[in-house]
Amino acid sequence: MKTKLRVIFTLILVCMTYLSYAQEKTINGTITDQDGLPLPGVNIQINGTQTGTQTDFDGKYSINATVGSVLIYTYIGQKTEERTIGSSSTIDITMQEDAQALDEVVIVGYGTSTKREVTDNIASVSSEDINLIPTPSVQSTLSGKAAGVQVTQVNGKAESGIKIRVRGVATISSSQEPLYVIDGVPMINSDENINDSPINPLVSLNPNDIESIEILKDASSAAIYGARGTNGVVLITTKRGKAGKTKVSINSSYGWSKPTNKRDFLNTREYVDLFTEATINSGGTEDDAAYYFNLFAENEADWRNNEVDTDWQDLALVDGSVEDFGVNVSGGSEKTQFFLSTGYNKTDAIIRGNKLERYSLRSNIDHTISNKFKVGISTGISKTKIDRLSNDNAFSTPLQAIAQLPFSKPYEDNGVVPNGNTLYYNFLFQEYNADHQVNIWRILANLYGEYQITPSLKFRSEFGYDFNNQVEERFFGSLTESASTNGYADANAVENEKYVLNNYFSFDKTFSNIDFNAVAGMSYEDDRRRLQSVEGQEFPSDDLQTVDSAAEITGGGSSRTAYNFLSYFGRAGATIAGKYILKASLRYDGSSRFGKDERYGLFPAVSAGWIISEENFLKNNETLSLLKIRGSWGITGNAGIGNFASRSLFGGASYNERAALSPTQLGDPSLKWENTSQYDLGIDFGFFNNRISLEADYYNKNTSDLLLDQPVPSSSGFTSITQNVGELKNEGFEFVLNTKNFIKEDFFWSTSFNISTNKNEITELPGGDIISGRNIAREGETVASFYMVEFAGADPDNGDALFVRNTLNPDGTRDRSTTNEFNEASRVVSGSPFPDLIAGLSNTIRFKDFDMSFTFQGQWGASIYNDGGRFQSASADYFDNQTSDQLDRWQQPGDITDVPQARLFGANGTQQSTRYLQEADFIRLRNVTLGYTIPSEVTKKFQVERLRLYFTAFNLLTFTDYTGWDPESTADFNSNNDLAVGVDFYSAPPAQTLTLGINIDF
């Protein structure tokens, strides 16, 4: 009997134990970060089931589960936590930062993702990378940092335009610029200058305010921006506050600048000898040469006895400076976080008379109203003042002064600029008797409200505003080129406003082993521009420099224009079992710029990835920590044309002083979107816990329905019409290698190397060749290929310039014989202005309290045409001073040289030919920084958390065979001409700047 009772009791105990473990119970808890702040949106899932939930705004959650089940807690940027359910009904979690995961968070269109789960090609530059390069120019932080992204400064002017090309040139006549999006607002990127010299579109942005920059390169990432994603998208995110202790950061620096390169020109003795020889070679005498020299010298002794020997280059290119100061304050409570900053920059450029001064203020605030409702605002305000110069094609620009004779005086003995005795207009009059200023007010703001409908679903509404007010004023006094009109002045005021409204839903939820996310919404943009201008002449005094003082108003006008976009977009993505990734997006864009029946365009994209290293056969591999293959395809568009390009327009005119209408534009009502179809195949490797990582990509971009300015017969009354004509393609490879060479407490060293290729080709151009000066658009060739006669050096028998005939033979080959008659030679495609290969190498090193970083950048395969060489290295054709290579000219039979005989007015080889076309290959040490952080045990005695001293050098070394000032610098007056590119015309080199600075954090 006792035995039976024991058995029954045991069975009852086992059943009760089983029931206790099988019993379902409600688990409640709060999840916070390492600072004790609640984390909303944390995923909680019961291991092995499809049951899960998320935390609310207060970090709280509730879930039903059985005793013994395992709860898994995941959150981006935090380490995954696991808890087994026991007797307690409350499980609170304090999550810890996962440094590796944090580094992988990237911004995508209308959301965020992680590098691990991204199937697109996105280049990312973090605030840490930016802080290592203290520069007043935003684009300088990108140079050499992103594979497939070419960043080029137009020239050395302080406000100089910047060209960013993402994976080559995807259009011909339409805009080749990427879309810039700052805190969700697509920014105004129009060039409003009045002298054909562009202003950097980001000149008003303070780099110290930037948290990260993402460049969306492939169609899958950029298609969410549809209409304007063809040339890539640059997402700029500014810094925001974090709850916790208020932090104050101060950055102050001062730098000294000089030109990266100066060229060798002839001194007085060399000049006199050369031009005397050239005069005799052209049938003149020494007396004839002396007559000309006396025209440009005050006294004969100035050139006969070398009493005057002016280095005009030293007058044009001067020592500059850069001052930069900024303060930011950030912090906040659980409910409200803030980031406030102010900045000041003053740049005295290396070109005489060129200066820039910028003041900036930023306020980013986020406030949680309730556990479901959150609002915030981002506001950036800046004022930029620029002392400007004439464009590179004007004699009043400083660098063209190098054409002056070395024995001409720039100043009289009393310091006054002389009125005569110079070959060309003396640019110094511009500095002392003229003024050219531009003032830019820029406001960029974004107000948002975000409502958490459910733990997985939220709605966000954004209102963005971009205001660009630019006032440009010029005055030319009675001693300048405007002396005949007793002074001239003009004023140009442009007010450009953009309103942006974004409304979209975001859904993010985990179903069993599927992480699903989706975005759906709409966007509306309205852009309005107003222009007023006035000009006048005849001024009573050079001290009165506004148009109001002009006796005669000679011109003026005003105009208004506008355009808008209406877009609907959606994106959905899923990560299955942490290793299979799928994503698709669709954008439906409408633009007022296109014809009535072609106003809307559809831009789809899909991508997929497979993290093979998560498979069982590789999951625990100690060597291979990541292996991911990915692919994407999508279509993006381009709308970078005139606001009314599809319409035939009429405008007001005067006929015999009576009001009239006249046609001003020929329109094509069937004008439609330019489309670029792109696919990308990539593979990512990670070795030894990702201490070594490699990304490799192949891309192929095909652009169809090119928005092209087609020539039309002049009998129509017009010269061109914008139509959809032609196709082109870009294809290439990209490789990125990142290594953490040493990871120790006292020594850290990492390296990043990227290299990329690009091949550009026009595949269809039904209208035939389009020639623009030295450049050509031709089927089968690169966009804007150089098209010119081939130079063959100097004839060793007589010093004549020789040219390759290149005429077509009956069998289709070209005649490679030479001739001294330029008109007997045919033009041929001779090179491309775009590189075949670009690369960048960056290193970051920290040893105890010392840090060091540097970046090399290089390009290969591009050509550059030195158009100024036709006057600077011109075989003494005219009286411009010459480069020192003319000392190697042909002088007697048998001389072997590429410099023809010097002949005054002889045009001996000065025609536009490949004589002045050179390779633009270079390697540049873009920046190097050395820093020292004073030990915290010392600084904390003064209530300072961090105090760092640093030295930074920009453009420290350049290795190139180009004989001009700089292989990157190109003529600013061509910067907005998409065909006339790659031309250097008295274009100033960039500055080499050495900077000392200090960072202080409280």
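Novice: Any chance you could explain the overall build of the protein here in plain terms?
Specialist: Across its full length, the protein holds 11 helices and 53 strands. A compact globule built from 1002 residues should have a C-alpha radius of gyration of about 30 Å, and the protein, at 33 Å, falls within 12% of that. The C-alpha extent of the protein, read off along each of the three principal axes, is 145 × 75 × 70 Å. Looking at the protein as a whole, 53% of its 1002 residues are labelled buried. As presented, the protein carries roughly 43,100 Å² of accessible surface, and 53% of it is formed by carbon and sulfur atoms. Within the protein, one finds 85 positive and 127 negative side-chain charges whose respective centroids are separated by 11 Å.

Novice: Looking at this structure, how should I read the environment of Asn-391?
Specialist: Relative to the elements of secondary structure, Asn-391 occurs in the loop between strand E21 (373-387) and helix H9 (428-433). Looking at Asn-391, the relative accessible area reads 11%, which means it is buried. Sequence separation between Asn-391 and Pro-198 is 193 residues; the distance between their C-alpha atoms is 9.1 Å. Ignoring anything within four residues of it in the chain, the contact list for Asn-391 reads Lys-157, Asn-195, Asp-196, Ser-197, Thr-397, Asp-972 and Phe-973.

Novice: Explanation requested: the sheet that holds strand E7 (residues 93-94) in the structure shown.
Specialist: Across a sheet, strands are paired by hydrogen bonds formed along the backbone, either parallel or antiparallel in direction. Strand order across the open sheet formed by three strands is E4-E1-E7, with mixed pairing between neighbours. Each edge of the open sheet is held by one strand with a lone partner, namely strand E4 (60-66) and E7.

Novice: Before we go on, may I ask you to explain the packing of aromatic side chains in this structure?
Specialist: For any pair of aromatic rings, the description consists of the separation of the ring centres together with the inter-plane angle of the planes. If you walk through the whole model with that rule in mind, you get 52 aromatic pairs. Judged by centre distance (5.4 Å) and plane angle (25°), the rings of Tyr-110 and Tyr-225 are stacked. In this pair, Tyr-110 is assigned in the loop between strand E8 (105-108) and strand E9 (111-114) and Tyr-225 in the loop between helix H4 (219-222) and strand E16 (233-238), connecting sequence segments 115 residues apart. Each member of the pair Tyr-110 and Tyr-225 is classed as buried. What links up through ring pairs into an aromatic cluster is the set Tyr-271, Phe-275, Tyr-291, Tyr-292, Phe-293, Phe-296, Trp-303, Phe-407, Tyr-878, Phe-879 and Phe-905. Over the ring of Tyr-563 we find Arg-593, and its NZ or CZ is 4.0 Å from the ring centre. The lysine or arginine in question, Arg-924, covers the ring of Phe-922, its NZ or CZ lying 5.5 Å from the ring centre.

Novice: Would you explain the nonpolar core in this entry?
Specialist: Side chains that are nonpolar tend, in soluble globular proteins, to be buried together. Core analysis: the biggest nonpolar cluster contains 24 residues, and Ile-164, Ile-213, Ile-215 and Ile-236 have the highest contact counts within it. Discounting chain neighbours no more than four positions away, the residues touching Ile-215 are Asn-121, Ile-122, Ala-123, Leu-142, Ala-146, Val-149, Val-166, Val-233 and Val-234. Counting 22 residues, the second-largest nonpolar core is a separate cluster that includes Phe-275, Phe-293, Ala-297 and Trp-303.

Novice: Explanation requested: a nonpolar patch on the surface in the structure shown.
Specialist: There is a patch of nonpolar side chains on the surface, built from Tyr-254, Trp-256, Ile-923, Leu-956, Leu-957, Phe-959, Leu-994 and Leu-996 and spanning about 700 Å² of accessible area. Looking at the nonpolar patch, the elements with two or more residues in it are strand E17 (244-259), strand E51 (946-960) and strand E53 (991-1001). You can see Leu-956 is positioned in strand E51.

Novice: What exactly am I supposed to notice about the packing of helix H5 (residues 268-281) against helix H6 (residues 286-295) here?
Specialist: A pair of packed helices can be characterised by two numbers: the angle between their axes and the separation between those axes. One way to put it is that H5 packs onto H6 with a least axis distance of 8 Å and a crossing angle of 130°. Considering the angle they form, H5 stands oblique to H6. Taken as a pair, H5 and H6 cross one another with a handedness that is right-handed. Only Glu-286, Asp-288, Ala-289 and Phe-293 of H6 make contact with H5, whose side of the interface consists of Tyr-271, Val-272, Phe-275, Thr-276, Thr-279 and Ile-280.

Novice: So what exactly am I meant to see when it comes to the pattern of salt bridges here?
Specialist: Side chains that differ in sign of charge can pair as their charged atoms come close. Counting across every chain of the model gives 49 salt bridges. In this structure, the salt-bridge partner of Asp-366 is Arg-240, at a minimum N-O distance of 2.8 Å. In this pair, Asp-366 sits in strand E20 (residues 355-368) while Arg-240 sits in the loop between E16 and E17, placing the two residues 126 residues apart along the sequence. Exposure remark for Arg-240: the relative accessible area of 29% places this residue in the partly exposed category.

Novice: Which parts of the structure should I look at to understand unusual backbone geometry?
Specialist: Here the phi dihedral of Ala-577 falls at roughly 55°; this positive angle occurs in a residue that is not glycine. Among the secondary structure elements, Ala-577 is positioned in the loop between strand E26 (552-576) and strand E27 (580-591). Residue Asp-705 is not a glycine yet carries a positive backbone phi of 55°. With respect to the helices and strands, the residue Asp-705 is situated in the loop between strand E33 (692-704) and strand E34 (707-711). The class of Asp-705 is partly exposed, set by a relative accessible area of 23%.

Novice: Can you walk me through H5 in this structure?
Specialist: Note that an α-helix has 3.6 residues per turn; residues three or four places apart therefore point the same way. Along its 14 residues, H5 runs 20 Å from first to last C-alpha, staying within 8% of the 20 Å computed at 1.5 Å per residue. Among the residues of H5, those classed as buried are Thr-268, Tyr-271, Val-272, Leu-274, Phe-275, Thr-276, Glu-277, Ala-278 and Thr-279. Contact partners of the buried residues in H5: H6 and helix H7 (300-304). Looking at where H5 begins, the residue whose side-chain oxygen comes 3.2 Å from the main-chain nitrogen of Arg-269 is Asn-267. Gly-283, located one to two residues past H5, shows a positive phi value of around 95°.

Novice: Looking at this structure, I do not really get H6. What am I missing?
Specialist: Within H6, burial applies to Ala-289, Ala-290 and Phe-293. One side of H6 carries all its buried residues, which in axial view fall inside an arc of 100°. Across H6 from its buried face, at more than 90 degrees, point the exposed residues Asp-287 and Tyr-291. Against the buried residues of H6 lie H5 and H7.

Novice: Looking at this structure, how should I read the environment of Asp-273?
Specialist: Take Asp-273: it is sitting in helix H5. For the pair Asp-273 and Leu-887, spaced 614 residues apart in sequence, the C-alpha to C-alpha distance is 9.9 Å.

Novice: Hey, could you run me through the environment of Ala-219 in this one?
Specialist: Mapped onto the fold, Ala-219 is located in helix H4. Note on Ala-219: relative accessible area 1%, which makes it buried. Considered as a pair, Ala-219 and Ala-605 are 386 residues apart in the sequence and their alpha carbons are 6.7 Å apart. Beyond its immediate sequence surroundings of up to four residues, Ala-219 is in contact with Ala-605, Gly-634, Ile-635, Thr-636 and Gln-678.

Novice: How do you make sense of the confidence of the model for the protein when you look at a structure like this?
Specialist: Residues shown with low pLDDT carry predicted positions that ought not to be read at fine detail. Of the residues in the protein, 96% reach a pLDDT of 70 or more, and the chain-wide mean stands at 89. Confidence drops under a pLDDT of 50 for residues 7-22, and excluding neighbours within four residues, the segment shows four contacts in the predicted structure. Within the model, pLDDT remains below 50 along residues 99-103, and this stretch shows five contacts once partners closer than five positions in the same chain are excluded.

Novice: What is the right way to look at the pairing of strand E37 (residues 747-757) in this model?
Specialist: Regular strands place their side chains on alternate faces of the sheet. In the sheet, strand E36 (residues 727-743) pairs with E37 via nine bridges, with the strands oriented antiparallel. The residue bridging Asn-738 from the neighbouring strand is Ser-752, located in E37. Hairpin connection from E36 to E37: three residues lie between these consecutive antiparallel strands.

Novice: Would you mind showing me how to read the side chain of Glu-277 here?
Specialist: Looking at the secondary structure, you find Glu-277 in helix H5. Given a relative accessible area of 18%, Glu-277 falls into the buried group. Beyond its immediate chain neighbours, meaning those up to four positions away, Glu-277 contacts Arg-889, Trp-890, Gln-891 and Ala-902.

Novice: Help me understand the side chain of Asn-999, please; the structure alone is not making it clear to me.
Specialist: Tracing the chain through its elements places Asn-999 in strand E53. Looking at Asn-999, its side chain comes within polar contact range of the side chain of Asn-251, at 2.7 Å. What Asn-999 contacts, discounting residues up to four positions off in sequence, is Ile-250, Asn-251, Arg-946, Leu-947, Arg-948 and Tyr-950.

Novice: Can you walk me through the sheet that holds strand E3 (residues 52-54) in this structure?
Specialist: An order of E3-E2-E5-E6 is seen for the four strands of this open sheet, with the pairing classed as antiparallel. Strands with a single pairing partner mark the edges of an open sheet, and in this sheet they are E3 and strand E6 (81-84). Adjacent strand axes in the sheet meet at a mean angle of 20°, parallel and antiparallel pairs treated alike. With four bridges connecting them, strand E5 (residues 70-74) and E6 associate as antiparallel partners.

Novice: What should I look at first to understand a negative patch on the surface in this one?
Specialist: A surface patch of negative charge is lined by Glu-745, Asp-746, Asp-849 and Glu-937. Here Glu-745 is to be found in the loop between E36 and E37.

What counts and what doesn't
Residues numbered from 1 in each chain as written. Predicted model: local features only at pLDDT ≥ 70, side-chain atom pairs only at ≥ 80, totals over all residues. Heavy atoms only, no water. Helix = DSSP H or I, 4+ residues; strand = E, 2+ residues; numbered from the N terminus. Rg over C-alpha atoms; globule rule 2.2 N^0.38 Å. Buried < 20%, exposed > 50% of the residue type's maximum accessible area, 1.4 Å probe, protein only. Areas by Shrake-Rupley, 256 points an atom, 1.4 Å probe, with all protein chains shown as cover. Lys, Arg positive; Asp, Glu negative; His and termini not counted. Charge placed at Lys NZ, Arg CZ, Asp CG, Glu CD. Contact = heavy atoms within 4.5 Å. Pairing = 2+ DSSP bridges. Phe/Tyr/Trp six-rings, centres within 6.5 Å; stacked < 30°, edge-to-face > 60°. Lys NZ or Arg CZ within 6 Å of the ring centre and 35° of its normal. Core = buried A, V, L, I, M, F, W, Y, C linked by side-chain atoms within 4.5 Å. Patch = residues over 30% accessible without salt bridge, like charges linked within 9 Å, V, L, I, M, F, W, Y side chains within 5 Å. Salt bridge = Lys/Arg side-chain N within 4 Å of Asp/Glu carboxyl O. Axes fitted to C-alpha atoms, helices over the stretch in contact; angles between N-to-C directions. Parallel < 35°, antiparallel > 145°, perpendicular 65-115°, else oblique. Left-handed = near helix turned anticlockwise from the far one by under 90°. Expected span 1.5 Å × (residues − 1). Polar contact = N/O pair within 3.5 Å; in protein donor to acceptor, adjacent residues only side chain to side chain. Arc of directions from axis to C-beta. pLDDT = per-residue confidence, 0-100.

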